[in-house]
Number of protein chains: 2
Amino acid sequence: MLEKSHKHITCSTCAGRKSSLLGSLCQDEVDHMNDHKACNYYKKHQSLFLEGSFPRGVFCINEGMVKIFQRGDEGKEQIIHIAKSGEMVGFRSMFSEIPYKVTAETLEESNICFIGKDDFLNMMDSNPVLRNGIIKELSRELADRADFITNMAQKSVRERLAFTLIILLDIYEKEPINLSREDLANFVGTATETLIRLLKDFKEEGIIEVHTRKISIINKEKLFSIAGK
Amino acid sequence: MLEKSHKHITCSTCAGRKSSLLGSLCQDEVDHMNDHKACNYYKKHQSLFLEGSFPRGVFCINEGMVKIFQRGDEGKEQIIHIAKSGEMVGFRSMFSEIPYKVTAETLEESNICFIGKDDFLNMMDSNPVLRNGIIKELSRELADRADFITNMAQKSVRERLAFTLIILLDIYEKEPINLSREDLANFVGTATETLIRLLKDFKEEGIIEVHTRKISIINKEKLFSIAGK
DNA sequence: TGGAAAAAATGACCAAAATCATATTTCAAA
DNA sequence: TTTGAAATATGATTTTGGTCATTTTTTCCA
């Protein structure tokens, strides 16, 4: 169970930070950040920011999971990314200087810190490693999104589900995948009913195991061969 | 008709550069770049770089048009972007330090210059305006690609065609859109036959005018209303 | 812990768009 | 200018996956 008070989380001991984009910070920078950030506890289904609003800083996930999605014309969500401990969200729109095109919402209870825009930009100005790390990260995400687009355009729902489960396996690591059928459908880009039917197929084919809503992957190789590549 | 020799193109008088990411360069930087870059004339359907190969620098389009695409499993292209005069291509993968995930190929004869990786990175190190411009550009493209993904997932082919024609109107400006039906289908993410049928509909509805392969947009408003938003 | 509400599951049906086959037009090279 | 290949166009058919209706299960919380 997470700490539910708004207790301060210390950057220098934050497990996620070291392997994140902020891993390159020197002690002084970490201390400064630690003094200037705000820490918050989020319940499940709380939003960090909304599509259309204006970025004021970046969010660092200490613990928890956040879905990043867009709402289409009929209100249906399209999940673009799922971020977890150690990841930062909100900096992409901050740089672009246009309002958020996506919404960020917790998938589970989470501890998330907030660093103001000016503080973050100052760190970037004075830290070339951080700067280059961010440029590299943005570029890699662009490549990932190109893949995402091509998959959407050319693959069947079954193939996309296999692909998505592989991505989710990376995110959830050893834990079983714990997403609502609707969120999963909105990540794959299909109707919830279609998704449920395909999950049933995968279950019958011995690719996954399902316990209530939680999905465990049994046969990763088969998943790869369905996803193609 | 373009200059077909490999004659040098002068950066300081390059019309595209001023409004591009390289518009912030001082005279010294422009001169240095001018001395170190390579200029090339490309015929129609020549590639600048191939998916899987390793980036060695960036390409600046002086004149012409370039399609950026991925090849799906069945070899079908998915066009991700169409770049024109003043745009740079190839820098996204260069930063990510992974091989190209996309191929870049001219859609028409083009004059394109090449700046080596080290030269470009040096410019970025010493020029914060360029650096920030690139970060902003990468972030904006991420936002665009989120839209692209949501469109792919949630819109009908008809809606996506309308959306794509609006994008192409921006790219071709006053000129009629001059793409093969196959390229257009590969941008929209549909089969060529479906695309042709929908173009016929649009023609009959008085939205576009078609002269052999060239498409002119007559009713932009209707296109917007079909695209939704 | 009971009961309402939400989520998941299933079935029947339908629509959008892909595929396959073939005809017609356009274009570029001889 | 002819001619053959490539691009465009059209028709018939099939498939995928979406929609709507309903049932069953799970979750939440009063």
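You'll find the structure just up there.
For clarity, every value in this text was computed on a predicted model and none was experimentally measured.

> What's the story with the protein's contact with DNA strand D in this structure? I'm lost.
In the vicinity of DNA strand D there are 15 residues, among which V157(A), T190(A), E193(A), T194(A) and R197(B) approach most closely. For DNA strand D, a phosphate oxygen lies 2.4 Å from a polar atom in the side chain of T190(A). Of all the secondary structure elements, the ones that give two or more residues to the surface near DNA strand D are helix 8 (192–204) of chain A together with helix 7 (181–188) and helix 8 (192–204) of chain B. Per-element accounting of the surface near DNA strand D gives the leading share, four residues, to helix 8 of chain B. Taken together, the residues of the surface near DNA strand D break down into three nonpolar, four polar and eight charged.

> Would you take a moment to explain helix 4 (residues 117–126) of chain B for this structure?
Each α-helix winds once per 3.6 residues, and so residues spaced three or four apart point in a common direction. Residues and elements named next belong to chain B. Burial in helix 4 covers these residues: F120, M123 and M124. For helix 4, the angular spread of buried residues about the axis comes to 100°, placing them on one side. Exposed residues pointing more than 90 degrees away from the buried face of helix 4 are listed as D118 and S126.

> Would you mind going over the sheet that holds strand 1 (residues 38–42) of chain B with me for this structure?
Sheet strands associate in pairs through backbone hydrogen bonding, adopting either a parallel or an antiparallel arrangement. Residue and element names in this part refer to chain B. Within the open sheet, the four strands sit side by side as 1-8-3-6. Their pairing is antiparallel. Looking at strand neighbours, the two that pair on one side only are strand 1 and strand 6 (88–89), the edges of this open sheet. Relative to strand 8 (residues 110–116), strand 1 runs antiparallel, the two sharing five bridges. Bridged to Y42 within strand 8 is S110. Of the strands in this sheet, strand 3 (57–63), strand 6 and strand 8 are in contact with helix 4, which crosses strand 8 at around 75°.

> Can you walk me through the environment of I218(A) in this structure?
All names here are of chain A. Inspection of the secondary structure puts I218 in the loop between strand 11 (214–217) and helix 9 (220–227). You can call I218 partly exposed: its relative accessible area is 47%. For the pair I218 and F95, spaced 123 residues apart in sequence, the C-alpha to C-alpha distance is 41 Å. Excluding residues within four positions of it along the chain, I218 makes contact with G206, I207, I208 and E209.

Rules used throughout
- Residues numbered from 1 in each chain as written.
- Chains lettered and ligands numbered in written order.
- Predicted model: local features only at pLDDT ≥ 70, side-chain atom pairs only at ≥ 80, totals over all residues.
- Heavy atoms only, no water.
- Near = heavy atom within 4 Å.
- Polar contact = N/O pair within 3.5 Å; in protein donor to acceptor, adjacent residues only side chain to side chain.
- Helix = DSSP H or I, 4+ residues; strand = E, 2+ residues; numbered from the N terminus.
- Nonpolar A, V, L, I, M, F, W, Y, C, P; charged D, E, K, R; others polar.
- Buried < 20%, exposed > 50% of the residue type's maximum accessible area, 1.4 Å probe, protein only.
- Arc of directions from axis to C-beta.
- Pairing = 2+ DSSP bridges.
- Contact = heavy atoms within 4.5 Å.
- Axes fitted to C-alpha atoms, helices over the stretch in contact; angles between N-to-C directions.

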